[in-house]
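Reading the structure
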Amino acid sequence: MLAARDAGAGFKPGRPKVVGVVQARMGSTRLPGKVLRPIGGRPVLAWMVDRLRAAAQLDELVVATTYLPIDQPIRALCAELGVDCAAGHPTDLLDRHLKVGRARQADAIVKIPSDCPLIDPRVVDQVVSEFRRTYPEHAYVGNLHPPTWPDGNDVEVVRFDALEEAWCLATRTFQREHTTPFIWDQPDRFQVRNVVWPTGRDLSSTHRLTLDYEEDLALIAQVFGALDRPGAPFSVEEIVAYLDAHPEVRALNAAHHGSSWMSRHIDDLQTLRPAGAAGAEARQP
């Protein structure tokens, strides 16, 4: 348990160092090589790095890929973009994030999937600001439990000591592959907080801005083509307004609305499990 730590004991005073970590690999099963697919002549990952560089609350930004030969093009692109890159375990993303945080002496890491090229840096700043405001009270601050922003604005901030504890204790494959479930799925063990979209709207299952399928790529390319401009990145509100004004574009990936890795693990996750479903399963430990 983290009772003493959650009360503030053992944490250095002042502003915590927060490192943004974009997890990227070429071996996606649904859309192989998706992070390097071209949009407007540039790889998806390059667009995403540009947008995240506008997030004022990230002290550092790192792309965490794997050491596999197939991911060499990602490492080469990072060198070209001048963004830090770390290579780690292909499937144990908990290990990959821990090593990035440890190498950079982070007080917290921000987990951001590379399939969110339309992520709004303002959303990143809102969630990280809430983490900083209450630091070190919460082991985890995110915007996914429950989600309200359009899918593709995933931001999860994890206090580094909680990440270390998860690394030591998480044993199930999905806990290690998805980095954070061991923490946010045990609110009686870790103090967690959720940040909702201030608009009061919930478009998480009706507006899909993430990249897993060809249809997603088509929609994302349309959005960049319509809204990209020099200077400040366009906002999630601008994206929603564009999609609502162009229902034919929003319909491009409508068949995949509501699809996520969490929906495939409902019976494994305590906080999402339907009442009465697999309730007697022992907690992992």
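Shown above is the structure to which this text applies.
Thresholds, definitions, all that
- Residues numbered from 1 in each chain as written.
- Predicted model: local features only at pLDDT ≥ 70, side-chain atom pairs only at ≥ 80, totals over all residues.
- Heavy atoms only, no water.
- Helix = DSSP H or I, 4+ residues; strand = E, 2+ residues; numbered from the N terminus.
- Buried < 20%, exposed > 50% of the residue type's maximum accessible area, 1.4 Å probe, protein only.
- Contact = heavy atoms within 4.5 Å.
- Areas by Shrake-Rupley, 256 points an atom, 1.4 Å probe, with all protein chains shown as cover.
- Patch = residues over 30% accessible without salt bridge, like charges linked within 9 Å, V, L, I, M, F, W, Y side chains within 5 Å.
- Salt bridge = Lys/Arg side-chain N within 4 Å of Asp/Glu carboxyl O.
- Pairing = 2+ DSSP bridges.
- Axes fitted to C-alpha atoms, helices over the stretch in contact; angles between N-to-C directions.
- Core = buried A, V, L, I, M, F, W, Y, C linked by side-chain atoms within 4.5 Å.
- Phe/Tyr/Trp six-rings, centres within 6.5 Å; stacked < 30°, edge-to-face > 60°.
- Arc of directions from axis to C-beta.
- Parallel < 35°, antiparallel > 145°, perpendicular 65-115°, else oblique.
- Nonpolar A, V, L, I, M, F, W, Y, C, P; charged D, E, K, R; others polar.

**Digging into the overall build of the chain**
Secondary structure assignment for the chain yields 11 helices and nine strands. Across the 285 residues of the chain, 55% fall into the buried class. Counted over contacts in the chain with a minimum sequence separation of 6, partners at least 24 positions apart contribute 71%. Accessible surface for the chain amounts to roughly 11900 Å². Of this, 54% is attributable to carbon and sulfur atoms.

**Considering a nonpolar patch on the surface**
Taken together, Tyr 67, Leu 68 and Ile 70 make up a surface patch of nonpolar side chains, about 290 Å² in accessible area. Relative to the helices and strands, Ile 70 resides in the loop between strand 4 (60-66) and helix 3 (72-81).

**As for the sheet that holds strand 5 (residues 84-88)**
Taking strand neighbours across the sheet as the criterion, the seven strands line up as 5-4-1-6-8-7-9 in an open arrangement whose pairing is mixed. Pairing within the sheet leaves two strands with one partner each, and these edge strands are strand 5 and strand 9 (192-194). In this sheet, neighbouring strand axes are inclined to one another by 25 degrees on average, regardless of whether the strands run parallel or antiparallel. As defined by bridge partners, strand 1 (residues 18-23) adjoins strand 4 across five bridges and the pair is classed as parallel. Considered in strand 4, the bridge of Gly 20 is made with Leu 61. Sitting on the sheet, helix 4 (residues 93-103) touches strand 1, strand 4, strand 5 and strand 6 (108-113), and the angle it makes with strand 1 is about 145 degrees. Running over the sheet, helix 6 (residues 160-169) touches strand 6 and strand 8 (156-159) and is turned about 85 degrees from strand 8.

**Points about the nonpolar core**
Soluble globular proteins: nonpolar side chains tend toward being buried together. Counting 58 residues, the largest nonpolar core has Val 63, Val 124 and Val 223 as the members making the most contacts within it. Top contributing element to this core by residue count: helix 2 (residues 44-52), with seven residues. One finds Leu 98, Leu 163, Trp 184 and Phe 190 within the second-largest nonpolar core, a separate group that totals 22 residues.

**Some details on unusual backbone geometry**
Among all residues save glycine, negative phi is the norm, and among peptide bonds the norm is trans. Residue Tyr 135 is joined to Pro 136 through a cis peptide bond whose omega torsion reads 5 degrees. Looking at where Pro 136 falls in the secondary structure, it is placed in the loop between helix 5 (121-134) and strand 7 (140-142). Note that the residue after His 145, namely Pro 146, is joined by a cis bond; omega there is 5 degrees. A positive phi angle, near 50 degrees, is found at Gln 105, a position not held by glycine. By relative accessible area, Gln 105 is classed as exposed at 64%.

**Regarding the packing of aromatic side chains**
Under the definition given, this model contains five aromatic pairs. Ring geometry for Phe 11 against Tyr 135: centres 5.7 Å apart, planes inclined by 75 degrees, an arrangement best described as edge-to-face. With Phe 11 in the loop between helix 1 (3-6) and strand 1 and Tyr 135 in the loop between helix 5 and strand 7, this pair connects stretches of sequence that are 124 residues apart. When its relative accessible area of 15% is taken as the criterion, Tyr 135 is described as buried. Centroid distance Phe 131 to Tyr 135: 5.5 Å. Interplanar angle 55 degrees. Geometry classified as tilted.

**A few points about the pairing of strand 1**
With six of its six residues buried, strand 1 lies for the most part within the structure. By the bridge criterion, six bridges tie strand 1 to strand 6 in an arrangement that is parallel. Note that in strand 6 the partner of Val 19 across the bridge is Ile 109.

**Remarks on helix 10 (residues 236-245)**
Three or more residues of helix 10 are buried, namely Val 236, Ile 239, Val 240, Tyr 242 and Leu 243. Taken down its axis, helix 10 places every buried residue within 165 degrees of arc, on the same side. In the core, the buried residues of helix 10 are packed alongside helix 5, helix 9 (214-227) and helix 11 (247-250).

**Some remarks on the packing of helix 9 against helix 10**
Contact geometry for helix 9 and helix 10: axes closest at 11 Å, N-to-C directions at 105 degrees. Taken together, the axes of helix 9 and helix 10 are roughly perpendicular relative to one another. Contacts from Leu 219, Gln 222, Val 223, Ala 226 and Leu 227 in helix 9 reach Glu 238, Ile 239, Tyr 242 and Leu 243 in helix 10. Here the residues of the contact of helix 9 with helix 10 are counted per class, giving seven nonpolar, one polar and one charged.

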